[in-house]
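Fold and geometry: a report
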Amino acid sequence: MNVATPVVTFPYLTRILGAPGVGAVNFVGSFLQNFVIVSALGLGVYGVREVSRFKDDPVARVSLFFELCVLQGVMSLLLAAAYFLCVWRLDAFAGMRWVSAIYGITLVLAPLSFEWFFIGMKDFSYVSIRNIIFRLASIPLVFIFVKDAGDSSSYLLIMFLISTGSAILNLIHFRRHYFVRFSFAKLQYAGHFRPLVILGVYNVLTNVYLSLPLTFLGFLSGHMEVGYYYAANRIVQVAITVMAGMNLVLVPSANLAHSEGDLTSLGKIGRASCRERV
């Protein structure tokens, strides 16, 4: 759905908003994404790996979950303060300050996304159903509320509502199916710093290049140039999205096979991954 939904909405958005409108939306989105990538540290990989290790120990698993969420929450709040300061001080956000600030709340809510937890638990059915529901919901909202070239702010608000709704549903699903009582006093954070920083640096270096060109182009040129660049780059992102999804699916199985010393299964997973990419 992450690939299919833009196929439906992107032609409509480009026709209604035009290059300047599409550029404005994606400039704000790319600027925020830089902060989101940094705030996520290395949770995309580290969280999945650690959750899969404690898959059969509910108390240890939930303790780990809250340790990682607290760390990401502190990082997100610090970066959110920097983001809001930029929005109110930089001229590039003139005319879009309020909606950019509202959209920036998704950075504060980033710890509530914790998709890494569900992937580590191999709860792919929930992740898929949730994505389908919210992606499908976004399509009629776009057609209803984005009517003319001045509705860039409406589109950003729709994206904010989709992200918030997804976070709320995550909390409900976690509370119903995974939460168990544990001791906050026994939470330990120190052991996570080093791997999170190492994987976080790797995550920044491998992902921030996707959003930085849009950000720099927005500051150096304008929203129209961002719109043209985004339209051309969208095709490449489809292939990247598919391969990234494959990584998320394979990591829990590969980690489990490695922890059990099952080199045969690990080799099969590696070969399957290579075949799919080729």
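Residues numbered from 1 in each chain as written. Predicted model: local features only at pLDDT ≥ 70, side-chain atom pairs only at ≥ 80, totals over all residues. Heavy atoms only, no water.

1. Some details on the overall build of the protein
- Each helix and strand in the protein was counted, giving eleven helices and zero strands.
- Counting all 278 residues of the protein, 43% fall into the buried class.
- Sequence separation of at least 24 residues holds for 81% of the intrachain contacts in the protein that already meet a minimum separation of 6.
- Total accessible area on the protein is roughly 14,600 Å²; 67% of this is exposed by carbon and sulfur atoms. (Helix = DSSP H or I, 4+ residues; strand = E, 2+ residues; numbered from the N terminus. Buried < 20%, exposed > 50% of the residue type's maximum accessible area, 1.4 Å probe, protein only. Contact = heavy atoms within 4.5 Å. Areas by Shrake-Rupley, 256 points an atom, 1.4 Å probe, with all protein chains shown as cover.)

2. Some remarks on the packing of helix α3 (residues 58-89) against helix α9 (residues 190-220)
- In the contact formed by α3 and α9, the axes pass within 11 Å of each other and the chain directions differ by 60 degrees. The orientation of α3 with respect to α9, classified from their angle, is oblique. Of the two possible hands of crossing, α3 and α9 adopt the one that is right-handed. On α9, the residues touching L64, E67, L68 and L71 of α3 are H192, F193 and L196.
- Class assignment of the residues belonging to the contact of α3 with α9 gives a composition of five nonpolar, one polar and one charged. (Axes fitted to C-alpha atoms, helices over the stretch in contact; angles between N-to-C directions. Parallel < 35°, antiparallel > 145°, perpendicular 65-115°, else oblique. Left-handed = near helix turned anticlockwise from the far one by under 90°. Nonpolar A, V, L, I, M, F, W, Y, C, P; charged D, E, K, R; others polar.)

3. Focus on the nonpolar core
- Ranked by size, the top nonpolar core spans 34 residues in total, and within it V28, Y83 and V146 carry the most contacts.
- Broken down by secondary-structure element, the contributors of at least two residues to this core are α1 (4-39), α3, α4 (97-103), α7 (124-145), α8 (152-177) and α10 (223-259).
- A per-element tally of this core places α1 first, with 13 residues.
- Core analysis: the second largest hydrophobic core is formed by 25 residues, V48, C69, Y126 and L187 among them. (Core = buried A, V, L, I, M, F, W, Y, C linked by side-chain atoms within 4.5 Å.)

4. Observations regarding the side chain of T164
- Tracing the backbone through its elements, the reader meets T164 in helix α8.
- Side-chain polar atoms of T164 contact the backbone oxygen of F160, separated by 2.9 Å. (Polar contact = N/O pair within 3.5 Å; in protein donor to acceptor, adjacent residues only side chain to side chain.)

5. So, α9
- At V208, α9 shows its maximal kink, close to 50 degrees.
- Restricting attention to buried positions, one finds in α9 the residues H192, L196, G200, N203, V208, S211, L214, T215 and G218. (Bend = angle between axes of the 7 residues up to and from the residue.)

6. Some details on unusual backbone geometry
- Positive phi values are uncommon outside glycine, yet F114 reaches one of about 25 degrees.
- Mapped onto the elements, F114 comes out in the loop between α5 (105-108) and α6 (115-120).
- Positive phi outside glycine occurs at K122, with the angle close to 60 degrees.
- One can find K122 in the loop between α6 and α7.

7. A word on the packing of aromatic side chains
- This structure, assessed with the given rule, holds 28 aromatic pairs.
- Measuring from centroid to centroid gives 6.3 Å for F66 and F179, while their planes differ by 80 degrees, and the two rings are edge-to-face. Placement of F66 in helix α3 and of F179 in the loop between α8 and α9 is noted, with a sequence separation of 113 residues between them.
- With 5.4 Å between their ring centres and 40 degrees between their planes, F114 and F118 make a pair best called tilted. (Phe/Tyr/Trp six-rings, centres within 6.5 Å; stacked < 30°, edge-to-face > 60°.)

8. A short note on the side chain of S30
- Topologically, S30 is positioned in helix α1.
- Overall, S30 belongs to the buried group, its relative accessible area being 4%.
- Setting aside residues up to four positions removed in sequence, S30 forms contacts with S211, L214 and T215.

9. Section: the pattern of salt bridges
- Enumeration according to the criterion identifies three salt bridges in this entry.
- Between E50 and R49 there is a salt bridge whose closest N-O contact spans 3.1 Å.
- For R49, a relative accessible area of 34% corresponds to the partly exposed category. (Salt bridge = Lys/Arg side-chain N within 4 Å of Asp/Glu carboxyl O.)

10. Things to note about the packing of helix α2 (residues 43-53) against α3
- Viewed as axis vectors pointing N to C, α2 and α3 meet at an angle of 165 degrees, and their least axial separation amounts to 10 Å. It follows that α2 is roughly antiparallel to α3 by the angle criterion. The two elements α2 and α3 cross, and the hand of that crossing is right-handed. Contacts from L43, Y46, G47, E50 and V51 in α2 reach R61, L64, L68 and Q72 in α3.

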